[in-house]
Amino acid sequence: MKRFLIYTSIFLSILILFGVMVAFVGRFDNVNAVYSDNGNIKRIKQKANFDSLDILFVGNSYCYSGINPAYFDSINIQTFNLGIPTAGPYIYELVVDDYLRDAKHLPENVFFLISPMTFSSKADNFPAYPIHRYLNQPISNEKLVLEYGIVDQYVNLSKKSFVKGIENLKSGIITTAAISPLENKGYSPSDVVVNDSIVKNSESLYLDLLKNKLNQDYVQHLMDLSDRLLAKGVKVTYFELPTYKLKNYFNPDYLEDYEGVIEAVLEKYGLVRISPNMSDLNYRNIDHLNANGATKCTLEMIRQLNLKKD
Amino acid sequence: MLFNSIDFAIFLPIVFFLYWFVVNRNLRAQNFLLLLASYLFYGWWDWRFLSLILFSSLVDFFIGKALKDEERQGRRKILLWSSILVNLGFLGFFKYYNFFLENFVDAFKFFGQDISVGSLNIILPVGISFYTFQTLSYTIDVYRKKLEPTKDFIEFAAFVSFFPQLVAGPIERASNLLPQFYTKRKFSSNQAIDGLRQILWGLFKKVVIADNCAEYANLMFNSPDAYSGSGYLLGAVFFAFQIYGDFSGYSDIAIGTARLFGFDLMRNFAFPYFSRDIAEFWRRWHISLSTWFRDYLYIPLGGSKGGTGMKIRNTFIIFIVSGFWHGANWTFIFWGALNALYFLPLLLLNRNRNNLEIIAQGKWLPGLREAGGMLFTFGITVFAWIFFRADSLDHAFNYIARICSESLFSLPDLLPRKTVLLIAFFLFIEWIGREQQFAIAKLGLRWNRIFRWGFYYLLIILILVFSGKQQEFIYFQF
């Protein structure tokens, strides 16, 4: 037994040492982030420049592809599009808290995007988009996985941070680059129009959604966040944007549960469900709007909000 | 609790510590700890089904005791059949109820009678097919007087629910595993290190090979008609590696874990894809199930001793039942029947025991004939796996039709090079280790420790770097 324990301890110690080294290098993943040209990082790093908002839009990539703040500017409503790819309730919470921490004036309204994707297994893909590392007050991978109970993602998060850390160390920590300003208040337009080939090539990413169950913990988390904002005096509204074929990739039980969530948020917070007459020309792929679609949907949202005001 | 989860990584060292450092002086306490740990392990999925295991254990324990005291043959038969009915009754209800119901309704429809019978929303308890067969082996062996029944319920319940092999085997024979619960276990450093090595290799097979192959295979099997024939063929080949990596990986982790606690479980896989004919394949694939069916079904039916008709009948029975054991779907039955068709010519020509020794033993490479046999066997196995993987027979035939398109001879639209390279590395290690119990059992034992540990670290890094999207073990659903 003694021999076994000694050898396994040495073996594991070397492994742990290696892990510590990987985690240490990973800490350099976000140096110079403020100079990054990546749209998502710019949205996070420059969000403090957009203060005293009438509406803060929070959502995933559907949000930054589908809501164009320029149309709100034209009617003197100050907005900012804080869409983050794959964002679900955990990322919503991280970015909203980070925004509120730095804001001199709280936004009057926070609009949360809601979609079947928001409560699916594809939401909050931290290993693909480690946005927690780029917040104004970054959160370590270790703290993130413990706080949200996603320990199984730790290895992938560490891998990503390690690779980025090495890149940053190789290119030098001190930079003389200029800060590249964020355009369109976070909105990211695309002129691509969906076609069969786009659907075929990206379909594989959606197929496993068919076996998904709606994550009720996510629903609760989002509602808790909404209640926290309400307690601070920020009005919360949910909004839903149309997609090309997204709902085909969810099973009927999932969609039924999703409609239950829709009813709940409609009753408690208010919901803007945008569904103008859309055509293929308004989408860039299975679930994202293109610039045409964004224009249509933003104008429709303004129309619906005005109707509400009346 | 999944073997490849953080939960298990915490659970295992705690149980190991308590087992060897806290209750190590008392065999009964060790068995009790194993029983508690096993119930916790199983209850992690759904604690409600613990009552099933407990009930099944109680029934077989008392029937075993009654069989010892009963000499009258008629009564003994009643006791045996009571156990079989209870165990297979549970299995039948949870696994096959809806299947029979649907087919019953379809049969009436076929004859123009529409009947409406509501199906039940039944959740299949994880591993029910495995522990049912394990506990049945006990009662049958006691009935046949090949095994003395145990007097201690803790030992027996621990044997039925032993967590390393509870949910996906190997399906242990009572005569092999139960006596190990009676005897005092002494810690053996070599056995434990060997166990860790087998766990490592099992994890590599599951996390790196099976989970990466699964991504591509799932894409091909789930997608509508959109890819080239070669892509679909590659999807089927990848599924062959997925199911092998998944199931044999699980068995390796199970056997390795058991060794950490001083138990020796039976071997479940012996490099089946290096088989030269289908009979050899079936001697090397899921050995614990094949031998279970051989001992408790095939031989009682007369085996291969009777005439040609009897041989054909028994072969079909054993393969079809084996297919049906895997799941309540016609696809599994078809898969079983197809394997019976593969096997029959060898049996009838008396060539089913031609390849008993390890392929290319003592050599680096196989001969041309052996390589041809191996490729042919792999090819027909992949073909049969299509039925195993498909959701329905229609799905399977459509999939085959898609393979047989003009684009079969073009390059696949998507070629996952990373996975192909990982499979090549995996096959290389399996080939050089094919004469051992598992591929890395002896690999590097004569190397300097730095190189040997370097190899283990390499495997760990590959597991961490190339870990695919975590998939549940396929065999849990059986």
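This report concerns the structure included in the present document. If you're wondering where the values come from, they're calculated on a predicted model, not measured in any experiment.

1. A word on the packing of aromatic side chains
Residue and element names in this part refer to chain B. In total, this model carries 94 aromatic pairs over all chains according to the counting rule given. Ring centres of Phe3 and Phe41 lie 5.9 Å apart, and the angle between their planes is 40°; on these two criteria the pair is classed as tilted. Of this pair, Phe3 sits in the segment before helix H1 (6-22) while Phe41 sits in helix H2 (residues 27-46), placing them 38 residues apart in sequence. On the basis of an interplanar angle of 80° and a centroid distance of 6.4 Å, the ring pair of Phe239 and Trp385 is categorised as edge-to-face. Placement of the pair is Phe239 in helix H9 (residues 229-260) and Trp385 in helix H14 (residues 368-389), with a sequence separation of 146 residues. Residue Phe239 is classed as buried on the basis of its relative accessible area of 3%. The ring of Trp325 is capped by Lys95, whose NZ or CZ atom sits 5.2 Å from the centre of that ring.

2. Considering the pattern of salt bridges
Inspection of the entire model under this criterion finds 33 salt bridges over all chains. Two residues, A:Lys47 and A:Asp98, come together in a salt bridge whose shortest N-O distance is 2.6 Å. Of the two residues, A:Lys47 sits in the loop between helix H2 (39-45) and strand S1 (55-59) while A:Asp98 sits in helix H5 (residues 89-102), which places them 51 residues apart along the sequence. A:Asp98 shares its class with A:Lys47; the two are buried. Between A:Lys185 and A:Asp73 there is a salt bridge; the shortest N-O distance is 2.8 Å. Placement of the pair is A:Lys185 in the loop between helix H7 (154-171) and helix H8 (196-202) and A:Asp73 in helix H4 (residues 69-73), with a sequence separation of 112 residues. Judged by its relative accessible area of 15%, A:Lys185 falls in the buried class. Taken together, the shared-partner salt bridges in this structure form one network comprising B:Arg276, B:Glu280, B:Arg284, B:Glu357 and B:Glu370.

3. Considering the interface of chain B and chain A
Facing the 29 residues of chain B at the interface are 22 residues of chain A. Here chain B packs against chain A, burying approximately 2,100 Å² in sum over the two surfaces, 71% of which is carbon and sulfur. At the junction of chain B and chain A, the tally comes to zero salt bridges. Where the side of chain B that touches chain A is concerned, the elements lending two or more residues are H1, helix H8 (189-222) and helix H17 (449-465) of chain B.

4. Thoughts on the sheet that holds strand S4 (residues 235-240) of chain A
Strand pairing within a sheet occurs via backbone hydrogen bonds; the two strands may be parallel or antiparallel. All names here are of chain A. If you walk across this open sheet you meet the five strands as S2-S1-S3-S4-S5, and the pairing is parallel. Two strands close off the open sheet at either side, each with one partner strand: strand S2 (79-83) and strand S5 (271-273). The mean inter-strand angle of the sheet, taken between neighbouring strand axes irrespective of direction, is 20°. Taken together, the five bridges between S1 and S2 define a ladder with parallel strand orientation. Paired with Leu56 across the two strands is Phe80, which belongs to S2. In the packing of helix H9 (residues 216-231) onto the sheet, the strands contacted are strand S3 (109-113) and S4, and the crossing angle to S4 comes to about 140°. Contacts from helix H10 (residues 252-268) reach S4 and S5, with the element oriented near 130° to S5.

5. Comments concerning empty space enclosed by the protein
Empty pockets left among the atoms are what a rolling probe the size of a water molecule brings to light. All names here are of chain B. Scanning the entire structure with this criterion turns up three cavities of 30 Å³ or more. As a volume, the largest cavity reaches approximately 100 Å³. Counting residues per element, the lining of the largest cavity draws most heavily on H9, which supplies five residues. Empty space within the second largest cavity amounts to approximately 80 Å³.

6. Notes on unusual backbone geometry
Positive phi, normally seen in glycine, also occurs at A:Thr86, with a value near 65°. As for its placement among the helices and strands, A:Thr86 is situated in the loop between S2 and H5.

7. A word on the pairing of S1(A)
With five of its five residues buried, S1(A) lies for the most part within the structure. Residues A:Ile55, A:Phe57 and A:Gly59 of S1(A) are buried on one face, and the alternating residues A:Leu56 and A:Val58, pointing to the opposite face, are buried as well.

8. Concerning the packing of H9(B) against helix H16 (residues 417-432) of chain B
Residue and element names in this part refer to chain B. Two elements in contact, H9 and H16, have axes separated by 12 Å at closest approach and are oriented at 50°. On the basis of the axis angle, H9 is oblique to H16. The two elements H9 and H16 cross, and the hand of that crossing is left-handed. Along its contact with H9, which presents Phe238, Phe241 and Tyr244, the element H16 presents Thr419, Val420, Ile423, Phe426, Leu427 and Glu430. Here the contact of H9 with H16 is built from residues that sort into seven nonpolar, one polar and one charged.

9. Brief notes about helix H3 (residues 50-69) of chain B
Residue and element names in this part refer to chain B. Taking 1.5 Å per residue, 20 residues should reach 28 Å; H3 reaches 29 Å between its end C-alpha atoms and fits that length. Taken together, the buried positions of H3 are occupied by Leu50, Leu52, Ile53, Ser56, Ser57, Val59, Asp60, Phe61, Ile63, Gly64 and Leu67. Considering only its buried residues, H3 is in contact with H2, helix H4 (73-110), helix H5 (128-143) and helix H6 (153-161).

10. What about the environment of A:Lys42?
All names here are of chain A. Position of Lys42 among the secondary structure elements: in helix H2. By relative accessible area, which is 10% here, Lys42 ends up buried. Placed 16 residues apart in sequence, Lys42 and Gly26 show a C-alpha to C-alpha distance of 20 Å. Those residues in contact with Lys42 that lie beyond four places of it in its chain are Ser36, Asp37, Lys47, Ser180, Pro181 and Leu182.

11. Some points on the packing of helix H13 (residues 330-348) of chain B against H14(B)
Residue and element names in this part refer to chain B. For the pair H13 and H14, interaxial distance at closest approach is 8 Å and the crossing angle is 160°. Considered as vectors, H13 and H14 are oriented roughly antiparallel to each other. Here the hand of the crossing between H13 and H14 comes out right-handed. On H14, the residues that touch Thr331, Phe332, Phe334, Trp335, Leu338, Asn339 and Tyr342 of H13 are Ile380, Phe383, Ala384, Trp385, Phe387 and Phe388. Considered class by class, the residues forming the contact of H13 with H14 number eleven nonpolar, two polar and no charged.

Reading guide: rules and limits
Residues numbered from 1 in each chain as written. Chains lettered and ligands numbered in written order. Predicted model: local features only at pLDDT ≥ 70, side-chain atom pairs only at ≥ 80, totals over all residues. Heavy atoms only, no water. Phe/Tyr/Trp six-rings, centres within 6.5 Å; stacked < 30°, edge-to-face > 60°. Helix = DSSP H or I, 4+ residues; strand = E, 2+ residues; numbered from the N terminus. Buried < 20%, exposed > 50% of the residue type's maximum accessible area, 1.4 Å probe, protein only. Lys NZ or Arg CZ within 6 Å of the ring centre and 35° of its normal. Salt bridge = Lys/Arg side-chain N within 4 Å of Asp/Glu carboxyl O. Contact = heavy atoms within 4.5 Å. Buried area = accessible area lost by both parts, 1.4 Å probe. Pairing = 2+ DSSP bridges. Axes fitted to C-alpha atoms, helices over the stretch in contact; angles between N-to-C directions. 1 Å grid on protein atoms, 1.4 Å probe; cavity = no way out; pocket = protein on both sides within 12 Å on 5 of 7 lines; lining within 4 Å. Points joined across faces, edges and corners; volume = space filled by probe spheres on them. Parallel < 35°, antiparallel > 145°, perpendicular 65-115°, else oblique. Left-handed = near helix turned anticlockwise from the far one by under 90°. Nonpolar A, V, L, I, M, F, W, Y, C, P; charged D, E, K, R; others polar. Expected span 1.5 Å × (residues − 1).

Note that all results are geometric; they support no functional claim without further evidence.
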